[in-house]
Amino acid sequence: MNYKNITVAGSGVLGSQIAYQTAFKGFQVTVYDINDEALERAKERISQLKPHYQADLGATQEEVEAAYGRMSFSSDLSQAVADADLVIEAIPEVVSIKNDFYANLGKTAPEKTIFATNSSTLLPSQFAEATGRPEKFLALHFANEIWKNNTAEIMKHPGTDMGVFQDVVEFAKAIGMVALPLHKEQPGYILNSLLVPLLDAAQRLLIKEVADVETIDKTWMVATGAPMGPFAILDVVGINTAYNIGRAKAEATGDEEFQKIADLLKSEYIDKGKLGRATGEGFYKYPNPSFAQPDFLKN
Ligand code: NAD
């Protein structure tokens with residue numbers, strides 16, 4: 001892997017984090033977005049990341065400023081990718097937007113440039129054709145708050161070149177991630193393939209009145225040694241997100257349990273302002289939730 005110049009396309013929540021983390025680890029980073037207004041917002045977002053790097057990682061003032069100094073910003077795609085070794089795409093999760101972007105990018109970027117998508121729910125094979133270079137395209141998926149939650153799931157599609165795949169695995173390590181290679185396409189990658197069924201199962205147990213929130217979480221924590229149960233995790237995810245997913249699943253499948261789950265999340269939590277950890281209350285009350293009390297696991 002001899003990447004030096006990295007372009008991050010899309011500078012929203014994840015794009016700005018990916019760009020700053022990559023610059024923090026010494027790469028030259030160009031941030032691309034659709035217009036200068038979006039880039040101004042990105043500069044603000046990125047500036048707000050600096051104190052987190054100082055508080056959470058012990059980075060010095062000089063280090064956080066030097067990282068910012070390795071970044072440049074452009075709303076001109078051909079300029080933004082002119083010397084890119086790798087483009088990481090973090091634009092909206094909308095098939096038509098991504099398709100148009102890759103068709104443009106494929107024509108604009110130099111032949112050497114590798115493309116990686118940070119898409120959470122779309123598979124790289126959906127866009128491989130549009131890129132015009134399927135062998136140099138794959139998924140590189142990060143988690144929110146990348147500097148702390150430092151997973152990078154690297155996922156091939158059937159046409160990805162194995163050397164490209166290995167290089168991106170090395171790149172992920174070079175920017176401080178724990179690299180998690182997936183050799184086949186898998187909706188939800190590894191993490192959500194494990195997590196979503198767990199969270200769904202927990203909510204089904206609750207809606208069927210099999211057991212209460214604390215008993216369900218306690219079972220998981222005592223039996224597996226995990227520090228949180230599924231409802232504590234849902235509080236981190238946010239009740240709004242859980243509600244949107246539940247409602248979408250109910251609509252897509254006609255599954256009545258999902259509808260009941262969505263209704264419960266709306267009436268008992270969202271309508272009462274209990275949106276999860278971020279608002280101080282969800283299934284639990286923060287900052288001292290009962291599941292974190294020393295005697296919670298005893299009885
Ligand atoms: P976001 O809405 O915060 O940001 C999207 C950015 O893309 C905006 O700055 C927007 O101006 C820009 N944009 C729109 N059209 C564009 C185009 N044609 N070219 C370049 N830029 C364009 O979105 P986000 O939450 O950062 O998500 C981006 C991607 O990352 C999605 O694919 C999502 O699935 C994935 N992702 C998000 C998270 C998360 O927690 N938010 C986590 C992992 C992966």
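Residues numbered from 1 in each chain as written. Predicted model: local features only at pLDDT ≥ 70, side-chain atom pairs only at ≥ 80, totals over all residues. Heavy atoms only, no water.

## A word on the domain arrangement of the chain
Under the convention used in this document: These domain boundaries are the output of an automatic or database domain assignment.
For the chain, the assigned domains are domain 1 (5-182) and domain 2 (193-292). For domain 1 and domain 2, the distance between their C-alpha centroids amounts to 31 Å.

## Overview of the UniProt feature "domain: 3-hydroxyacyl-CoA dehydrogenase C-terminal" (unreviewed entry) in the chain
The criterion, for reference: UniProt positions are given in the numbering used here, feature names are shortened, and annotations may be inferred rather than shown by experiment. Secondary structure counts use DSSP, requiring at least four H or I residues in a row for a helix and at least two E residues in a row for a strand, with both numbered from the N terminus.
Under the local residue numbering, the UniProt record ascribes the feature "domain: 3-hydroxyacyl-CoA dehydrogenase C-terminal" (unreviewed entry) to residues 188-286. What you have in residues 188-286 is 67% helix and 0% strand, and the ends, taken at the C-alpha atoms, are 29 Å apart.

## Some points on the site of the ligand
Threshold: By convention in these notes, a residue is near a molecule or strand provided one of its non-hydrogen atoms lies within 4 Å of it. Under this definition, polar contacts are N or O atom pairs within 3.5 Å; protein pairs additionally need one hydrogen-donor-capable and one acceptor-capable atom, and for neighbouring residues in sequence, both atoms have to be side-chain atoms. Each cavity reported here is a set of points on a 1 Å grid over the protein atoms alone in which a 1.4 Å probe fits but cannot get out, each pocket an open set with protein on both sides within 12 Å along at least five of seven lines, and each lining residue one with an atom within 4 Å of a point. To decide whether a molecule occupies a pocket or cavity, check its atoms: if more than half lie within 2 Å of the grid points, it is inside. Residues are grouped as follows: Ala, Val, Leu, Ile, Met, Phe, Trp, Tyr, Cys and Pro are nonpolar; Asp, Glu, Lys and Arg are charged; all remaining types, including Gly, are polar.
Taken together, 20 residues lie near the ligand, and Val13, Leu14, Asp33, Glu93 and Lys98 sit nearest. For the ligand, an oxygen atom lies 2.9 Å from a polar atom in the backbone of Leu14. In the model, an oxygen atom of the ligand is placed 2.7 Å from a nitrogen or oxygen of the Asp33 side chain. In this structure, the ligand is accommodated by the largest pocket. Put simply, the parts of the chain that give the shell around the ligand at least two residues each are helix H1 (13-24), helix H5 (95-108) and strand E6 (137-142). Classifying every residue of the shell around the ligand by side-chain character gives nine nonpolar, eight polar and three charged.

## Quick word on the UniProt feature "domain: 3-hydroxyacyl-CoA dehydrogenase NAD binding" (unreviewed entry) in the chain
The feature "domain: 3-hydroxyacyl-CoA dehydrogenase NAD binding" (unreviewed entry), as annotated in UniProt, sits at residues 5-182 in this numbering. Segment residues 5-182 splits into 44% helix and 21% strand. End C-alpha atoms: 25 Å apart.

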